[in-house]
Structure formats: structure tokens, C-alpha cells
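Residue-level structural notes
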Amino acid sequence: MAQHKVDGRLRLEALVVTHYDFDHIGGIIELLKEPPSWLEIADVWFNGRKHLFKKDALGSEDGDMLSKQLEGRHPWNSAFGGKAIKSGAGKITLEGGLDVWVVSPDQPRLTKLAAAWPKVTDRVEKPADVLGATDVWPPGAFTAVASRPFKKDDSVANGSSIAMMLGFGGKLALLTGDAHPDVVSKGITIHWPSDRPKVSLLKLSHHGSKGNTSEQLLKAIECDRYLISTNGDRFKHPDVTLFARILKVRKKPIFLFNYSVDRTLWWEKVPEGWPSFSSSYPESSALFKEVEI
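Sequence order sets the numbering: in each chain, residues are counted from 1 along the sequence as written. Given that the model is predicted, a residue must reach a pLDDT of at least 70 before its local features are reported, and side-chain atom pairs must reach 80 or more before they are shown or counted; all residues, however, enter totals for whole chains, interfaces and linings. The basis for every side-chain value is the complete set of heavy atoms in the structure, and neither hydrogens nor water enter the calculation.

**A look at the overall build of the protein**
Helices and strands together make up the secondary structure of the protein, namely nine helices and 12 strands. What the globule rule says is 2.2 Å times the number of residues to the power 0.38, and the radius of gyration is computed from C-alpha atoms. The globule rule puts the C-alpha radius of gyration for 293 residues at 19 Å, and the 19 Å found for the protein is close to it. Across its three principal axes, the protein shows a C-alpha extent of roughly 60 × 45 × 40 Å. Counting over 293 residues, the protein shows a buried share of 49%. Contacts: residue pairs with any heavy atoms within 4.5 Å of one another. If you take every contact in the protein between residues at least 6 apart in sequence, the share linking residues at least 24 apart comes to 74%. Accessibility throughout is a Shrake-Rupley quantity obtained with a 1.4 Å probe, and a residue counts as covered only by protein chains that appear here. As displayed, the protein offers around 15100 Å² of accessible surface, 52% of which is attributable to carbon and sulfur atoms. When charges are counted, Lys and Arg contribute as positive and Asp and Glu as negative, whereas His and the chain ends are disregarded. To locate a charge, take atom NZ for lysine, CZ for arginine, CG for aspartate or CD for glutamate. Positive and negative side-chain charges of the protein, numbering 39 and 36 respectively, have mean locations separated by a distance of 4 Å. Segments assigned H or I by DSSP are reported as helices when at least four residues long, segments assigned E as strands when at least two residues long, and all are numbered from the N terminus. Buried, partly exposed and exposed residues are distinguished by accessible area as a fraction of the type maximum, computed with a 1.4 Å probe on protein chains only: under 20%, between the cut-offs, and over 50%, respectively.

Set out below in C-alpha cells:
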């Protein structure tokens, strides 16, 4: 972030923490422990415990670390009147002109999160075949991979993930966190009921998991560029099946990766017998993948 300071300061109009999983929240906790003096955060978007329960249902011992860091110290869900962030909230326009439409979570997913509290966690073991750990390279015949049945992610934490459509300068980008595909699809139709929005970039949900991006979601938008955010270390994402699913519905898509490592470099070249696509990786030694929308 320091690279983007203007006159020695950086102002974030919104800092979005999608949900409780540690790989989405851990870095923010560390940042807010000792935020740099040059950083200003205008609003933090995060559905905490206080958005799930009545106030008298909680004691001070129930406060989680991030909620403690935010309460009374930073504006929290101010753009939403301090209430829970969920789909159907209407368009939010930030002061710099960025339009935001929330497409996940919906109220049923927030209700499930409250019912599962405090047992919800991302530290449980998952079946290996659900998370792509059994994927091999080369991936095999395209028709066989593309015909694998879709099995939706059922994680309560992921279902509560904030997902947003962003609009600026006539272009759209869809950032999905770890959200469930049926919720995102429904959220899109709330705001675009009669046509498929043309999206310049889709950040694939849950690091490219095959259980979080369905054909229904892929067909709900017009998009040719797909961003995969993972190094594949933990759950061996991205999943081979997801690439086949995208190639089944889109011609010559572009895959963008924020890591250039063994798992993502599988997709540097088109496997034999697979439909055509192109891939792009970060510059060597770069800390992030820069994408021009």
C-alpha cells in the first residue's frame, strides 16, 4: 500500500473483510494492531458478531479480535447505517465515484452463520477430492473433466462471504470472496433483472475452488477474464474441474494469476486436446498482480 501514497498519505474509502476465515481476516488483524501513521481508513465493511445477534446475547468475552479492534476505533459498516452488509442493499457510491452493489451474503446465509456460532471455523479437515488435492497434471481428456458433476461448497463461513460488483467508468468487476455461487447469481439478478451484465473481470470465488463457481453463475454474466487468487499451498487450489467448466461456457478466456508457482503454472500452456485460452502471471518479484480493467 505504501507504493500508492499521495502526498505521504493513503486513504482507503472502504476496507472490505469478506468473512471470518483466517486467510481472509488474519492480515487485517495484523494491519490494525499497528496501522501505519500514513494510512486512513474511511470505513470498514465486515459482518461481525454484533450484526448477527441481539446486543443482550453477547458479553464482552464473546468479542472476537477484529471486532475489538474496530469497535469505537474505526468507522464500521457506516455506508450501511452500521447494520449488516447483505445483498439487496442498493447501490452504494463511494466519494471517489466507485459504485458498489453487494451480491452476497443474503439473509439466510447470515442466519445460518448465527445458528452455527461459535462453532463455525475454517480449520476443519475437508475431503481431499472436494478441494482439488487429487488433481493431476496433465489433467486428462477435456470432455471427461468438463462433465464432472457440480457439488456446491456447503461451508457456513464461506456462505457468509461478502461479494460485490464494482462499477467505475462504465466498466464492471465482480469480486466474490469465498461466496456461494447460487447466492451471487441471485444477487446479480436483483440488480440486473433483465440482462446479463458485461463484466471486465471476475475474481473466482474461494481461490478457484470447483465448488464455488457454477455454470449458472458463469452464464449470469458476460466475462472473458478470470482472476485466481491463490498459491495453492493449503487446499491445492485452483481446481482443474473449474477451468474445464469455464472453458465449457466461454471461448478463449484469459486466466490471471497472482502467484507464479508450480500449481498455477500448470495453466501456462493449453493441455493437449483442451480448448484454447491464455494466461498471465505477475512480473517477477512483484508483490501483486496488476490488472487493468
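There's plenty left to go through after this.
**Thoughts on the pairing of strand E6 (residues 99-104)**
Counting buried residues in E6 gives six out of six residues, a clear majority hidden from the surface. Direction of pairing for strand E5 (residues 92-93) relative to E6: antiparallel, over a ladder of two bridges. Of the residues in E6, the one forming a bridge with Ile92 is Val100. Strand pairing is assigned whenever DSSP identifies at least 2 bridges connecting the two strands. Here E5 folds back onto E6, and the loop between the two strands holds five residues, one of which, Gly97, carries a positive phi near 100°. Of the pairings in the sheet, the one linking E6 to strand E7 (residues 163-168) comprises five bridges and is antiparallel in character. Each bridged residue has a counterpart across the sheet, and for Val102 the counterpart in E7 is Met164.

**So, the environment of Met165**
On the secondary structure map, Met165 appears in strand E7. Exposure remark for Met165: the relative accessible area of 0% places this residue in the buried category. Those residues in contact with Met165 that sit more than four places away from it in its chain are Asp99, Val100, Trp101, Leu172, Ala173, Leu174, Ile188, Trp192, Pro197 and Val199.

**Description of the nonpolar core**
Buried residues of nine kinds, namely Ala, Val, Leu, Ile, Met, Phe, Trp, Tyr and Cys, make up a nonpolar core once their side-chain atoms join them within 4.5 Å. Residues Leu174, Ile188, Phe255, Trp267 and Trp274 are the most contacted members of the largest nonpolar core, which totals 35 residues. By residue number, the principal contributor to this core is helix H8 (residues 240-249), which donates six residues. Those residues in contact with Trp274 that sit more than four places away from it in its chain are Pro139, Gly140, Ala141, Phe142, Val145, Val240, Phe243, Ala244, Leu247 and Trp267. Listed in part, the 24 residues of the second largest apolar core include Leu10, Leu15, Ile41 and Ala84.

**Points about the side chain of Thr18**
By the element assignment, Thr18 lies in the loop between strand E2 (15-16) and helix H1 (22-33). For Thr18, a relative accessible area of 16% puts it in the buried group. A polar atom in the side chain of Thr18 sits 2.8 Å from the side chain of His19. Those residues in contact with Thr18, other than ones at most four positions away along the chain, are His24, Ser160, Ser161, Ile162 and Gly177. Under this definition, polar contacts are N or O atom pairs within 3.5 Å; protein pairs additionally need one hydrogen-donor-capable and one acceptor-capable atom, and for neighbouring residues in sequence, both atoms have to be side-chain atoms.

**Focus on the packing of aromatic side chains**
Stacked, tilted and edge-to-face are the three classes assigned to paired rings of Phe, Tyr and Trp, where Trp is represented by its six-membered ring and a pair needs centres within 6.5 Å; plane angles under 30 degrees give stacked, over 60 edge-to-face, the rest tilted. One pass over the structure, following the stated rule, counts 15 aromatic pairs. Judged by centre distance (5.2 Å) and plane angle (20°), the rings of Trp137 and Trp266 are stacked. With Trp137 in the loop between helix H3 (107-116) and helix H4 (142-146) and Trp266 in the loop between helix H9 (262-265) and strand E12 (278-280), this pair connects stretches of sequence that are 129 residues apart. Here Trp267 and Phe277 contribute two aromatic rings whose centre-to-centre distance is 6.0 Å and whose plane-to-plane angle is 55°, an arrangement assigned as tilted. Remark: Phe277 occurs in the loop between H9 and E12 and Trp267 occurs in the loop between H9 and E12; sequence separation between them is 10 residues. Judged by relative accessible area, Phe277 falls into the buried class, the value being 9%. By the ring-pair criterion, three or more aromatic residues cluster together here, those being Trp137, Phe142, Tyr226, Phe243, Phe255, Phe257, Trp266, Trp267, Trp274, Phe277 and Tyr281.

**Observations regarding unusual backbone geometry**
With an omega dihedral of 0°, the bond running from Trp137 to Pro138 counts as a cis peptide bond. With respect to the secondary-structure elements, Pro138 resides in the loop between H3 and H4. Backbone torsion omega between His237 and Pro238 reads 0°, so that peptide bond is classified as cis. Structurally, Pro238 is set in the loop between strand E10 (225-228) and H8.

Shape descriptors only; they carry no functional weight alone.
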